[in-house]
Amino acid sequence: MASLTDTNVARGILLVCIGVFAISINDLLIKALSGGYPLHQIVFTRTAIGIFLSFLMLHLEGGISLLRTSRPGLHILRGLTLVAANMTFFASLAVLPLGLTTALFFVGPLFITLFSFLFLGEKVGPLRLGAIVFGFMGVVVMQEPWKSGSEYGPSWIFALPVIAAALYASMAVMTRALGVKSSAAALTIYNQLTFLVVSSLFYLLVGQGQADPGPDAPSLHFLLRAWTWPASGDWPLFIVIGICNGIVAYCITAAYRMAPSASIAPFEYIGLPLAIFWGWLVFAEWPAPSTWVGCAMILGAGLFVFLRERQKNRSNPVRKHFATRR
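Rules used throughout
Residues numbered from 1 in each chain as written. Predicted model: local features only at pLDDT ≥ 70, side-chain atom pairs only at ≥ 80, totals over all residues. Heavy atoms only, no water. Helix = DSSP H or I, 4+ residues; strand = E, 2+ residues; numbered from the N terminus. Expected span 1.5 Å × (residues − 1). Bend = angle between axes of the 7 residues up to and from the residue. Phe/Tyr/Trp six-rings, centres within 6.5 Å; stacked < 30°, edge-to-face > 60°. Lys NZ or Arg CZ within 6 Å of the ring centre and 35° of its normal. Core = buried A, V, L, I, M, F, W, Y, C linked by side-chain atoms within 4.5 Å. Buried < 20%, exposed > 50% of the residue type's maximum accessible area, 1.4 Å probe, protein only. Contact = heavy atoms within 4.5 Å. Axes fitted to C-alpha atoms, helices over the stretch in contact; angles between N-to-C directions. Parallel < 35°, antiparallel > 145°, perpendicular 65-115°, else oblique. Left-handed = near helix turned anticlockwise from the far one by under 90°. Nonpolar A, V, L, I, M, F, W, Y, C, P; charged D, E, K, R; others polar.

> How do you make sense of helix α2 (residues 39-61) when you look at a structure like this?
For α2, which comprises 23 residues, the first-to-last C-alpha distance of 32 Å matches the rise-based estimate of 33 Å (1.5 Å per residue) to within 8%. Within α2, the axis deviates most sharply at G50, by approximately 25°. In the stretch just after α2, G62 is the one whose phi turns positive, near 150°.

Pasting the structure below:
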């Protein structure tokens, strides 16, 4: 008969897989909508829908009183960091293939280990430092520096998902260092409220397209184009994105609350094959050989660092914040 711990681990793995699947659908649909709507409009609509699910979770966890906090400034800082990371990641989706963007983002766990070493004073041996360097070399390989130019535009486009990963890792390390203690639903709602405020400010400042540089700069065009009332056929996509937003917040958080991160964190890596599959199925994108090599280097380095930490019995609670990027 399975023990309670084994049952919790199995449930945690299932919830992580559901959450990562929802993330992949979220990314797919945002990329699909990127040709007709500005990013801040998609984020606003997605969050306005998803926050209802979060308030339902808050009710189940104990009610509105859980939103009280003695550190509102920290919640605002965390929320702004998350907003910046999301905007950076999704801006890259307008230009780069879905699989390539996701693969570049998976340097996040390497950033977490590196930042923990640099800013929290955690011990990181030469093997893990070497793995971190090896993983970042995978990023360079994906950029194909031996070619005179890239089909996706200037080389800085490749930096966007890497910057997003660094921002997410910074948020995770900051959360651990400052010791935020709030319910999962409360943390999610604080983040979603920040998204609503920032996207509303975008609408007030640039919502008429006054800062739009045009389609010649596709990432900025996606970020700054004018708001457009969604076509009737696009409303289901917006609704699904909002639902995915709520599912991700619940499943990932619940998984890490019921099972050790050491048992379930590796299952987050199913996000990469899912992204490659959706990119191939929907957008006819197939990774170049350099992308496959870079993927292998990044994922290999990330898994090595994870297994090395597990071997040394070092729990890494900060890693659980990486999956809650959306």
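> Help me understand the packing of aromatic side chains in this model?
Each aromatic ring pair is characterised by the separation of its centres together with the angle its planes make. Throughout the structure, instances matching the rule amount to 15 aromatic pairs. Pairing F89 with F90 gives two aromatic rings, centres 5.5 Å apart and planes at 75°, and the pair type is edge-to-face. Three or more aromatic residues joined by ring pairs make a cluster, and in this case those are F21, F277, W278 and W280. Just above the ring of F283 sits the side chain of K31; from NZ or CZ to the centre is 5.5 Å. In this structure, R46 packs its charged tip against the face of F195, placed 5.6 Å from the ring centre.

> Please clarify how the nonpolar core should be interpreted in this entry.
Counting 74 residues, the largest nonpolar core has I42, L104 and F111 as the members making the most contacts within it. The biggest single contributor to this core is helix α7 (residues 156-178), with twelve residues. If we ignore the near neighbours within four places in the chain, the residues touching L104 are L96, V139, M142, F158, P161, V162 and I298. By size, the runner-up hydrophobic cluster in this structure holds seven residues, among which are M57, L67, A186 and Y190.

> Any chance you could explain the packing of helix α3 (residues 72-93) against helix α4 (residues 98-105) here in plain terms?
The packing of two helices is summarised by the inter-axis angle and the distance between the axes. Relative to each other, α3 and α4 sit at 150°, their axes nearing to 9 Å. Taken together, α3 and α4 sit at an angle that is classed as roughly antiparallel. Between α3 and α4 lies a crossing whose hand is right-handed. Across the interface between the two elements, F89, S92 and L93 from α3 touch L98, T101 and F105 from α4. Taken together, the residues of the contact of α3 with α4 sort by class into four nonpolar, two polar and no charged.

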